[in-house]
Amino acid sequence: MQSLKDLVRPNIWALEPYSCARDEFKGRDAHVFLDANESPYNTPRNRYPDPLQEKLKIRLAQVKGVPAENIFLGNGSDEAIDLVYRVFCRPCVDNVVAMDPTYGMYRVCADINDIEYRAVQLLPGYRLDADALLAAADRNTKVMWICSPNNPTGNDMDRKAVQRLLTEFQGIIVIDEAYSEFSDLVPMRQYLGHFPNMIVLNTFSKAWASASIRLGMAFASEEIIMLFNKVKYPYNVNQLTQNAAMEILQDIEKSERWINMIRAERLAMLPNLQELPIVKQVYPTSANFVLVRVTDANAIYHYLVDKGIIVRNRNRVALCDNCLRITIGTKEENSELLGALRSFQ
Ligand SMILES: *Cc1c(COP(=O)(O)O)cnc(C)c1O
């Protein structure tokens, strides 16, 4: 890995962050708060939230097995994705390399930040092409995007190839593990200490069933987390979200039961989908969705919409022609979908 200083944008390296009132006062005993121009009324909503979400991070550290100082929390993983560009990539100068197809936000944020986005197609079977990813990188490639299990293909990226990228690529590698709870592989955040150039993303939106609260996590070296904290909005995670997250973390077993139910439903759905005459291929999945190649994705998509069933049409995505991405729902939802697909002509 290149030195962090050489990877970070010079203006961000030199940045003196905004110091908010709640930053300057740190946990000493006080009962009169006249420092932040808050209203004294409407407790507890009147107070600014903890800008670094310390209580929540201490709890997450236990659950995720990652020290609190290696955790960043943002307004969804999407905030962390955008911050990667804002911290590391000089607009119109630097570039990033990503596997293709993958999650669309990596490209959207590149476009917003005016960063060149180099998409490298996956190999047959949607396998990672480590040689091609490394070959696409040059002196100004600051970041490589890996999504595993990948959206929209659903499969795990080969661990040997990922490990090779982590050791051979000189820049930052982001591994988006939004779906890792649905995979049998050990989550990459467990190997944080081995790879100083690795940033792992997790989210409350999928397995933890809390997409509405907008809370995403990034795990990385303490130095990278400090850079994220310097650039983020001071109060980027509101108090309602922090409270809701503490609540879901109080009953981890409930989330685990949900995950197990989704895994069981996934297992049941695969052969049922496979035997439909309109289905040409069901791709292997380690996520809470499955990519299915059908005879006519557009027609089937609109047919389902008319029945009030919405799936994701990925027909126009690279390597996904005539593919639908289907989320695993409840048993009832899944059988309604299967019933509808069985009567499609
Ligand atoms: C759903 C998803 C996310 C989650 O984004 P949030 O902003 O945390 O809701 C992140 N990455 C991938 C690949 C996803 O599919």
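The present account deals with the structure reproduced in this document. Remember, it's a predicted structure, so these values are computed and weren't measured experimentally.

**Focus: helix 8 (residues 159-168)**
(1) Moving on: Residues of helix 8 that are buried include every one of Ala161, Val162, Leu165 and Leu166, and no others. Relative to the axis of helix 8, the buried residues are bounded by an arc of 140° and lie together on one face. Counted as exposed and oriented over 90 degrees from the buried face of helix 8: Lys160 and Thr167.
(2) Moving on: Elements that come into contact with the buried residues of helix 8 comprise helix 7 (130-136), strand 4 (141-147), strand 5 (172-176) and strand 6 (198-203).
(3) Moving on: Measuring from the side-chain oxygen of the N-cap residue of helix 8 to the backbone nitrogen of Lys160 gives 3.3 Å; that N-cap residue is Asp158.

**Overview of the site of the ligand**
(1) Moving on: Taken together, 14 residues surround the ligand, and among them Asp176, Tyr179, Thr203, Ser205 and Lys206 come closest.
(2) Moving on: Separating an oxygen atom of the ligand from a side-chain N or O atom of Asn151 is a distance of 2.8 Å.
(3) Moving on: In this structure, Tyr179 approaches the ligand through a side-chain N or O atom, which is 2.6 Å from an oxygen atom.
(4) Moving on: Per-class residue counts for the shell around the ligand are five nonpolar, five polar and four charged.

**A look at the packing of aromatic side chains**
(1) Moving on: What the rule picks out here adds up to nine aromatic pairs.
(2) Moving on: Between Tyr48 and Tyr235, the aromatic rings sit 4.4 Å apart at their centres with planes inclined by 20°, giving stacked as the arrangement. With a gap of 187 residues between them, Tyr48 in the loop between helix 3 (21-24) and helix 4 (54-64) and Tyr235 in the loop between helix 9 (222-231) and helix 10 (239-250) connect regions that are remote in the sequence.
(3) Moving on: Accessibility expressed as a relative area gives 23% for Tyr235, which makes it partly exposed.
(4) Moving on: Summarising the aromatic geometry, the rings of Tyr303 and Phe344 are spaced 4.9 Å apart at their centres and angled 75° between planes, so their arrangement reads as edge-to-face. With a gap of 41 residues between them, Tyr303 in helix 12 (residues 297-306) and Phe344 in the segment after helix 13 (331-342) connect regions that are remote in the sequence.

**A short note on the side chain of Gln242**
(1) Moving on: One can find Gln242 in helix 10.
(2) Moving on: Separated by 3.4 Å, the side chain of Gln242 and the backbone oxygen of Asp50 make a polar contact.
(3) Moving on: The residues contacting Gln242, other than those within four sequence positions of it, are Pro49, Asp50, Gln53, Leu56 and Val237.

**Topic: the pattern of salt bridges**
(1) Moving on: Tallied over the entire structure, the rule returns 14 salt bridges.
(2) Moving on: Close ionic contact of Glu38 with Arg47 constitutes a salt bridge, the shortest N to O distance being 2.6 Å.
(3) Moving on: Residue class for Glu38 comes out buried when judged on its relative accessible area of 15%.
(4) Moving on: Judged by its relative accessible area of 30%, Arg47 falls in the partly exposed class.
(5) Moving on: Here Arg164 ties to Glu168 by a salt bridge, and the two come within 3.1 Å at their closest N and O atoms. Here Arg164 pairs with Glu168, and both are found in helix 8, just four residues apart, close to one helical turn.
(6) Moving on: Assessed through its relative accessible area of 30%, Arg164 is described here as partly exposed.
(7) Moving on: Assessed through its relative accessible area of 42%, Glu168 is described here as partly exposed.
(8) Moving on: Shared partners join several salt bridges into a network, and the residues in it are Arg90, Asp94 and Lys142.

What counts and how
- Residues numbered from 1 in each chain as written.
- Predicted model: local features only at pLDDT ≥ 70, side-chain atom pairs only at ≥ 80, totals over all residues.
- Heavy atoms only, no water.
- Buried < 20%, exposed > 50% of the residue type's maximum accessible area, 1.4 Å probe, protein only.
- Helix = DSSP H or I, 4+ residues; strand = E, 2+ residues; numbered from the N terminus.
- Arc of directions from axis to C-beta.
- Contact = heavy atoms within 4.5 Å.
- Polar contact = N/O pair within 3.5 Å; in protein donor to acceptor, adjacent residues only side chain to side chain.
- Near = heavy atom within 4 Å.
- Nonpolar A, V, L, I, M, F, W, Y, C, P; charged D, E, K, R; others polar.
- Phe/Tyr/Trp six-rings, centres within 6.5 Å; stacked < 30°, edge-to-face > 60°.
- Salt bridge = Lys/Arg side-chain N within 4 Å of Asp/Glu carboxyl O.

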